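Take a look at the letters that make up each chain.
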Amino acid sequence: MPCCSHLTWSTNEFKEWAHQAQGVLPMQSTLPRAYLILVGYLTDGRQEDKEKSVDGCLYLKDSTGIIPCELLHFELEWLESLFLFPSWSYIPQTEQSTAGYVEILVDPVPVNLPEEVPDSIPVTYPAPAEPLLSSRIPCKKKSKLTVAGELARLGPRLSICQKTFFFLFLKCFTSAVWVPVLVQKPNQMAWHHSLRLGHRYTITGLSISSLKKSGHRIFVASASSCLLPYCAEQARELPLDSTWQGEYTQSSSLETAEQLSNSLELGVEGERPGSTKESKIISYEGTVTKVLNVQAGLFLLDNKVCLCLAYQQLLNSARGLRPGACVELIDVHLLQKPLISFPFIVLGACLSSMVVLKSFSRLSTPYQPPASSGNLYLQLLFRYNLGMPVYLWLVSLLETFEERFSCFFGRRRLLLSSTHQNPGAAEKFVVPLLQAVVPDREKARDIYNEILAKMHQCPLQKYLTLNPPCQAPSLSAVCRVAEQKSWEGFSPSQLLSPLEAQHMGSQELNRRLTWSYCTLSAESFQPRLILLGVLRVSSRSGSLQLQDKSSALPCVISHKDGSPFAHTALIGSLLQVENYQLVVERFLQTDFPSWKQLANLEHVREKKNSVYVQFYFEDAQILRAAEGQIQKALRSGSRSSFSSRKKDELETPKAKMMKLEDPKPDARRDENCQKGQSTAGTTSCVSHLFLVTQKEALMLRNYQLPREEDGEGQDLQQSFQATVLWLGRPRLWSHPTETGSLPELEETSCDGEEGTTRQEALLIFMGKSLRWFPFLHLDGLYRFIVPCCSDLEVFDKLCFPPVPAKILSRSSCPLCLPVQDTWHLQHETWISCLSEHQLAARSVLRGMNQRISSIPEVLSNSFTGSLVSFSGEIVERTLCASLKNEKPSVTLGLQKQKGSPLASDHSVKLSVSVAPGSPVVMDIYIAATYLQHLWGLLPGAKIFFQNLERKISRFHNVYCTYIASSCVTILSLPPSHLPSPSSLAGETSSPSLVFISNLQPHLSQARVLCHLSCVLTLSLQWVCSLCSSIFKEGRCTRPSPPCPSHTGVRQASARVLVEDGTGEAFVLCRNQHVAAMLGLNLLEWEALQNCVQNRGRVSIQHGEATGTGCVEEPEDFVACYLRSLCRSPLICRPILLDFSLDRKPSKILQPAPLQLRNFRCGEVEFVSQVGPRLSLLCLNVEEVEQGALSYLNSERIKRTSSHC
Ligand SMILES: [Zn+2]
Ligand SMILES: [Zn+2]
């Protein structure tokens, strides 16, 4: 308990004292008063422990113990004397409840009188003594001097190579001449407490010495030296020629606090960013209002300036520097804005500055002792000789680092410095950053020069405002900033091409806005953002996460060689990633009536987003490896109830299953725990090797585990399952770390008894074992490790015949094995990585491999499987209305599932191609309910899809759907600089020319040079954006119920016939492509559509005579115009057409007979055999210029002839 004692005070006096203190920090309470009498010896600790070097602190001791104390006024002769302390405060340490220290508020009263001081001493004054130092004449070794003078400066105590010392400076009484004195004997360290500025002292037994490095000559106190108060009567001057008068005057001048504020204002005006600034040397008196960071030596004074003591090294253990204490700073450096992000002006104390405690705090504020050894802040400061800006940046990095991760690893272990062989996590993180900022490691700090040189030199003199080159904020801040950035400058119109958007009805428009994403890299942030996090797996979502104290960020990790990420040993490691893609998925709920309102954000009803990060394992640095998971499990297992629980399980597997879902502690179990420990306190574990042959989706499954008959409804279980092949027999390990070779494989190859060694199992992962979801991959060899177990049959005993009837009906019905929470999964290798002598064992696995197809194979009509696996690159990701017949039954009851911001009636269409730019594209539909577990499905990513269901549409198009047994693996992340969608549609994807006759059914997109033969139908209309009825003269024409819409959307469609000499095709054109097909420019097209506005709809058909049209009157000039346009010979021209297959040729019609048709090519007419006309969908139309046309034609002829 902190407290204070004032023996002689009345209650009123105490109240007055306490009241004054509260003016400084009103929120803090004052020290409570205790009525205790303190009597003890004052000592510097020299008699306590002969071995221990005297640290320069003062202590209070009696026969029962010793406690550090701090005094404002101290006389040397008080040492080793007994005192009564009338007024003092006791300040405990914040962290441990061990000893704190005592602040002595009023001079102690001696119980026994101290000895008398000696009389008359011959002295030398600084002025005559100074030339002795500057002269190069070596002094006689034995000669000892006594110097008297006024204390002009007192250096801080320093400790270098376990040697503690300090300098003091004695000034001549009559001039500014001063001499330095080095004090280094342990029993003289207490001098530091008694010396007071401006007081006069006599020091005996001084010798002259010069410092090896700098050559400075100084007085050195010898073992026999005494520090005595100067007394004019006792001193008689030793005659030395004293005509020499120093010219030197101290450069530093005392300024008051008012002057400080003046200089601050001046400084702010004259501040020029980017240029080196000179720090002013000032003096200042203020009250400590906050300890900013005691390890880093940062204190806040008067709530406005930061005092940095770090450059003074020892910080005096920060005793006395509690909030409420008053300090005087003499000759400190004033630095304004050394670091952009640092809010305070900084007063930096260097080795020639003085920090004097003027009064102790009366407040009950805690004392945080700085680490006595291994202070990473100070070590780095001195190792790299950091300037203030970089130091403050380092402090902010380390503070955040500690705040974020000390809950995982413990503060001490995290910040632990700094034996070079084995740096701690913080050091690993921060040192490369420092080395980048301080590349040539400015020359080492010369502390003697800093203290002694007449022209002051120190690291605080010059500084440059630092703009931090990087940051590593907490994950919650990362998410916040990323979200903010993703919405910054966002407008819905960015997501749509205006050409398309203007023809969209309200429903389609809003759906297209629903889901979008943006990717951010480290450089997207200012300053560059470094991600740090502890790798964890959420057993709730089955996703990898980077975690810190503030938050968790889901992550996707891939290998650069395309192999899946399976490092189970990395769980719990602290990772640093600088090269990553931070993905913000944006979810919008909008009700835009049409594209015209896109700028009006009132129509945005709801904004949501989710953030995750993806990176390559190779780009992650492990700052701190995880503690061996198995060892950990073993330790906690032997401590907790593991071994006994295991016993329970073995007896009654059903009971165990129930416990899986029951996290409540169980008294009975605890009882067993005690028993179990004594009986089964084993450290061995059982392992079993297996190969994954199939992995299925993470989803809610209908596992009806045996329960006690309590009539509880059977909930769906979040789960996934994998089919595996056991390899070898379970093995007993005495040491869990025993790994490396795979003895099971050799065993298999030797005895070859497949019947006994090869066995399939269906592993069911639920509850905590969901955490293995991101690590378990097809074709991987893994090992289950059951800690604290010696029963080799543990796996067999837990197997049970499958409960779900679906599985039961399978012919090759494997045994089901629910994976237990305590089991550990360890990835060993991939089947493709097995060595030669293990290949024999691979024969065992033959036929287990799933067939992996290519996209063209799956698309081909001759393909027969229904479940398909293939890999490909995502070209496009679009949200569509759910396919009605695809709705998986499980989603029905789960309309409002947590974690999925997409409405469950949506599904996602992924267009996947074999390679970038390839025209062969497969569409994959994934229902929204599966999507919450699927991260990283972004355009540009290469994905391995497993067990998709292959389907054929009404129009004979092949597509795939994601079903319960499906699974995806991300093979590679999207390239960091993805071409924008517009350029994707233009240059990169422009396919090579094809002939209509060569069109393959799986060709999704191609380009053809063809001739537009005629326009078959053409229709221009305005439709209601809400209900798609005809919209005429500003109103929707739907009769009943009347539609309130005021927004019409113009649409156009046309069907044209094209031929390229090898065949003919119908082409369906929509909207802006109609204009291009008709050869109209934008203005003409606008005008034409506006003419349609009050007609609602205009359509014409090929071959219809004037006046035979249905709706429009014969004299309608728009219809007339269109008709004549379509009949004009100008419209029949060569074009470059990008298209996709609209409908694939029907299977039934496939073997249609070839027909003979006439074609014209210029003047020449020829006959060609052609197949049935294909239906194409127009994607783009380009005019062909004459030059380009002849070139393309010659290319074609070349290719045709080479074909023949
Ligand atoms: Zn300095
Ligand atoms: Zn309508």
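Residues numbered from 1 in each chain as written. Chains lettered and ligands numbered in written order. Predicted model: local features only at pLDDT ≥ 70, side-chain atom pairs only at ≥ 80, totals over all residues. Heavy atoms only, no water.

Asker: Just checking my understanding: could you explain the coordination of the zinc ion (ligand 1) for this structure?
Answerer: For a metal with four donors in a tetrahedral arrangement, the ideal angle between donors is 109.5 degrees, while six donors in an octahedron ideally sit at 90 or 180 degrees. Around the zinc ion (ligand 1), the protein supplies His 333 (NE2), Cys 350 (SG), His 456 (NE2) and Cys 458 (SG) as donor atoms, at distances of 1.9 to 2.2 Å. Around the zinc ion (ligand 1) sit four donor atoms; with metal-centred angles ranging over 95 to 118°, the donor geometry is tetrahedral. Read from N- to C-terminus, the donor residues coordinating the zinc ion (ligand 1) fall into the pattern H-x16-C-x105-H-x1-C. (Donors = N, O, S within 2.8 Å, 3.2 Å for Na, K, Ca; no water. Tetrahedral: all angles 85-135°; square planar, octahedral: opposite > 155°, others 65-115°.)

Asker: For this particular structure, what's the right way to read the coordination of the zinc ion (ligand 2)?
Answerer: On the protein side, the zinc ion (ligand 2) has Cys 1024 (SG), Cys 1027 (SG), Cys 1036 (SG) and Cys 1043 (SG) as donor atoms, found 2.2 to 2.3 Å from it. The coordination sphere of the zinc ion (ligand 2) comprises four donor atoms, whose angles at the metal cover 100 to 122°; the geometry is tetrahedral. Sequence positions of the donors to the zinc ion (ligand 2) reduce to the motif C-x2-C-x8-C-x6-C.

Asker: Would you explain unusual backbone geometry in this entry?
Answerer: Trans peptide bonds make up most of the peptide bonds, and negative phi angles are found at most residues other than glycine. Here Gln 526 and Pro 527 are connected by a cis peptide whose omega angle stands at -5°. As for its placement among the helices and strands, Pro 527 is situated in the loop between β27 (515-520) and β28 (528-529). Of the consecutive residues Ser 1040 and Pro 1041, the connecting peptide bond is found in the cis state with omega at -10°. Locating Pro 1041 in the fold gives a position in the loop between β51 (1035-1036) and β52 (1048-1059). Residue Ser 1028 is not a glycine yet carries a positive backbone phi of 65°. Relative to the helices and strands, Ser 1028 resides in the loop between β49 (1005-1024) and β50 (1031-1032). (Helix = DSSP H or I, 4+ residues; strand = E, 2+ residues; numbered from the N terminus.)

Asker: I keep staring at the packing of aromatic side chains and nothing clicks. Help me out?
Answerer: Evaluation of the coordinates by the stated rule reveals 33 aromatic pairs. Through a chain of ring-to-ring contacts, three or more aromatic side chains come together here, namely Phe 690, Phe 720, Trp 726, Phe 765, Phe 773, Tyr 782, Phe 784 and Trp 823. Residue placement shows Arg 1055 over the ring face of Phe 1066; its charged tip is 4.3 Å from the ring centre. (Phe/Tyr/Trp six-rings, centres within 6.5 Å; stacked < 30°, edge-to-face > 60°. Lys NZ or Arg CZ within 6 Å of the ring centre and 35° of its normal.)

Asker: Just to check I follow, could you spell out the sheet that holds strand β5 (residues 82-85) for this structure?
Answerer: Within the open sheet, the eight strands sit side by side as β1-β6-β7-β4-β3-β2-β5-β8. Their pairing is mixed. The two strands at the open ends of the sheet, each matched to only one other strand, are β1 (3-6) and β8 (109-110). Relative to strand β7 (residues 101-104), strand β4 (residues 65-71) runs parallel, the two sharing three bridges. Residue Cys 69 lies in a different strand from β7, and its bridge partner there is Val 102. (Pairing = 2+ DSSP bridges.)

Asker: Just checking my understanding: could you explain the packing of helix α26 (residues 1082-1093) against helix α27 (residues 1117-1127) for this structure?
Answerer: Describing two packed helices takes the angle between their axes plus the distance from one axis to the other. With their axes 10 Å apart at the nearest point, α26 and α27 run at an angle of 140° to one another. By the angle class used here, α26 and α27 are oblique. The chirality of how α26 crosses α27 is left-handed. Facing α26, whose interface residues are Leu 1088, Cys 1091 and Val 1092, α27 presents Phe 1117, Val 1118, Tyr 1121 and Leu 1122. Class assignment for the residues of the contact of α26 with α27 results in seven nonpolar, no polar and no charged. (Axes fitted to C-alpha atoms, helices over the stretch in contact; angles between N-to-C directions. Parallel < 35°, antiparallel > 145°, perpendicular 65-115°, else oblique. Left-handed = near helix turned anticlockwise from the far one by under 90°. Contact = heavy atoms within 4.5 Å. Nonpolar A, V, L, I, M, F, W, Y, C, P; charged D, E, K, R; others polar.)

Asker: I keep staring at the environment of His 603 and nothing clicks. Help me out?
Answerer: Residue placement: His 603 occurs in the loop between β33 (581-590) and β34 (604-616). Judged by its relative accessible area of 16%, His 603 is buried. Separated by 13 residues in sequence, His 603 and Thr 590 have C-alpha atoms that sit 5.5 Å apart. Those residues in contact with His 603 that sit more than four places away from it in its chain are Gln 589, Thr 590, Asp 591, Phe 592, Pro 593 and Gln 597. (Buried < 20%, exposed > 50% of the residue type's maximum accessible area, 1.4 Å probe, protein only.)

Asker: Please explain the side chain of Ser 222 as it appears in this structure.
Answerer: By the secondary structure assignment, Ser 222 is in the loop between β15 (217-221) and β16 (227-229). Contact partners of Ser 222, with chain neighbours within four places excluded, come to Lys 144, Lys 185, Gln 188 and Gly 205.

Asker: What is the right way to read the nonpolar core from this model?
Answerer: The tendency in soluble globular proteins is for nonpolar side chains to be buried as a group. In this structure, Tyr 580, Leu 582, Phe 615, Phe 690 and Phe 784 are the most contacted members of the largest nonpolar core, which totals 59 residues. Those residues in contact with Phe 615, other than ones at most four positions away along the chain, are Leu 546, Cys 555, Val 556, Ile 557, Ser 558, Leu 575, Val 577, Asn 579, Tyr 580, Ala 620 and Leu 973. By size, the runner-up hydrophobic cluster in this structure holds 49 residues, among which are Leu 392, Ala 426, Val 534 and Leu 574. (Core = buried A, V, L, I, M, F, W, Y, C linked by side-chain atoms within 4.5 Å.)

Asker: Before we go on, may I ask you to explain the pattern of salt bridges in this structure?
Answerer: It is possible for side chains of opposite charge to pair when their charged atoms get near one another. By the definition in use, this model includes 19 salt bridges. In this structure, the salt-bridge partner of Arg 1050 is Glu 1086, at a minimum N-O distance of 3.0 Å. Taken as a pair, Arg 1050 in strand β52 and Glu 1086 in helix α26 lie far apart in primary sequence, 36 residues in all. Under the relative-accessibility criterion, Arg 1050 is labelled buried at 8%. Through salt bridges that share partners, Glu 500, Glu 508 and Arg 512 make up one connected network. (Salt bridge = Lys/Arg side-chain N within 4 Å of Asp/Glu carboxyl O.)

Asker: Any chance you could explain the pairing of β34 here in plain terms?
Answerer: Regular strands show a simple pattern: their side chains alternate between the two faces of the sheet. Where strand β31 (residues 552-558) meets β34, four bridges bridge the pair, whose relative direction is parallel. Paired with Ile 557 across the two strands is Phe 615, which belongs to β34. Of the strand pairs in this sheet, β33 and β34 are connected by 10 bridges, and their pairing is antiparallel. Within β34, the residue paired with Thr 590 across the bridge is Val 604.

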